[in-house]
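Structural features, examined
Single-letter residue listing:
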Amino acid sequence: MFDSPASSTTAAGGIQLMFLLSPDELATAAASRIRSQVRRIRIIAAVVVPVVVLLVGVSTSLPAAIAVAFVGAFYYCLIFWRLSPRRAGRAAVRRQLADNPFLTGSFTVDVEPAGVRVQTATSSAAFAWAHFPYRAQADGLILLLTGPGRGATGQPLPLRAVAEAHRPHLLGLLAGHTQLIS
């Protein structure tokens, strides 16, 4: 429906974007918000697993210590393999879509000097820029955020929905009203 960039300028000097959000784009947006949480869990795992292996190894015989070291290394690798922001984002999106399949429906977003208006199949809302003071950039997405922390809610804007000619104007509007965070 909206395969090519469907952006246009508005009478108020803004940009209107029309797009469908794919589950992969929703996962990218979710992953961009949980990177720091995953990093903290990995750091804890990097400290806890070796300490437990050393404590058990010191207090038992050599064959038991070797077995504990192998089991510890297995779980350590499992945590690093299973726990990635992208994988956690996909799991979160699967749960959200199971509850509300309309999340991947069509979106019309007007980004204007006064704020942002969003219309979906099930809702319509207008937000002043004070509602979205932050933005993050992820793989092909700009995520408007209500706060800098990981508990912030956001509105994803896929860059594929913005015609190349309109990107400088959109990025200028966002730079003038939002603060870029990583």
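Note that the structure is predicted; figures quoted are calculated from it, not measured.

**Re the pattern of salt bridges**
All told, the structure shown has 3 salt bridges when counted by the stated rule. Taking the shortest distance from any N to any O, the salt bridge between Arg117 and Asp110 comes out at 2.8 Å. Take Arg117: its relative accessible area is 41%, and that puts it in the partly exposed class. A relative accessible area of 7% places Asp110 in the buried class. Here Arg117 makes a salt bridge to Glu112, at a shortest N to O gap of 3.3 Å. Residue classification places Glu112 among the buried residues on the basis of a relative accessible area of 12%. A single salt-bridge network, built from bridges that share partners, covers Asp110, Glu112 and Arg117.

**Brief notes about the pairing of strand E5 (residues 124-128)**
Across 5 bridges, the pairing between strand E4 (residues 115-119) and E5 is antiparallel. The residue bridging Val118 from the neighbouring strand is Ala125, located in E5. Once E4 ends, the chain turns through 4 residues before running back antiparallel as E5.

**Brief notes about helix H3 (residues 85-99)**
Because each turn of an α-helix spans 3.6 residues, side chains separated by three or four positions end up pointing in the same direction. An ideal rise of 1.5 Å per residue puts 21 Å on 15 residues; H3 measures up with 21 Å between its terminal C-alpha atoms. Taken together, the buried positions of H3 are Pro85, Gly89, Ala92 and Val93. Angularly, the buried residues of H3 cover 100° about the axis, an arc narrow enough to put them on a single face. With respect to the buried face of H3, the exposed residues turned more than 90 degrees away are Arg94, Arg95 and Ala98.

**With respect to the environment of Thr122**
You can see Thr122 is positioned in the loop between E4 and E5. By relative accessible area, Thr122 is classed as exposed at 53%. Residues Thr122 and Phe102, spaced 20 residues apart in sequence, show a C-alpha to C-alpha distance of 7.4 Å.

**Topic: the sheet that holds strand E9 (residues 179-180)**
With respect to topology, 4 strands assemble into an open sheet ordered E8-E7-E6-E9, the strand pairing being mixed. The two strands at the open ends of the sheet, each matched to only one other strand, are strand E8 (154-158) and E9. Note: strand E6 (residues 134-138) against E9, 2 bridges, orientation parallel. Across the sheet, Arg135 pairs through a bridge with Leu180, a residue of E9.

**With respect to the packing of aromatic side chains**
Under the defined criterion, the tally for this structure stands at 1 aromatic pair. Ring centres 5.1 Å apart and planes at 65° place the aromatic pair Phe127 and Phe132 in the edge-to-face group.

Rules and cut-offs
- Residues numbered from 1 in each chain as written.
- Predicted model: local features only at pLDDT ≥ 70, side-chain atom pairs only at ≥ 80, totals over all residues.
- Heavy atoms only, no water.
- Salt bridge = Lys/Arg side-chain N within 4 Å of Asp/Glu carboxyl O.
- Buried < 20%, exposed > 50% of the residue type's maximum accessible area, 1.4 Å probe, protein only.
- Pairing = 2+ DSSP bridges.
- Helix = DSSP H or I, 4+ residues; strand = E, 2+ residues; numbered from the N terminus.
- Expected span 1.5 Å × (residues − 1).
- Arc of directions from axis to C-beta.
- Phe/Tyr/Trp six-rings, centres within 6.5 Å; stacked < 30°, edge-to-face > 60°.

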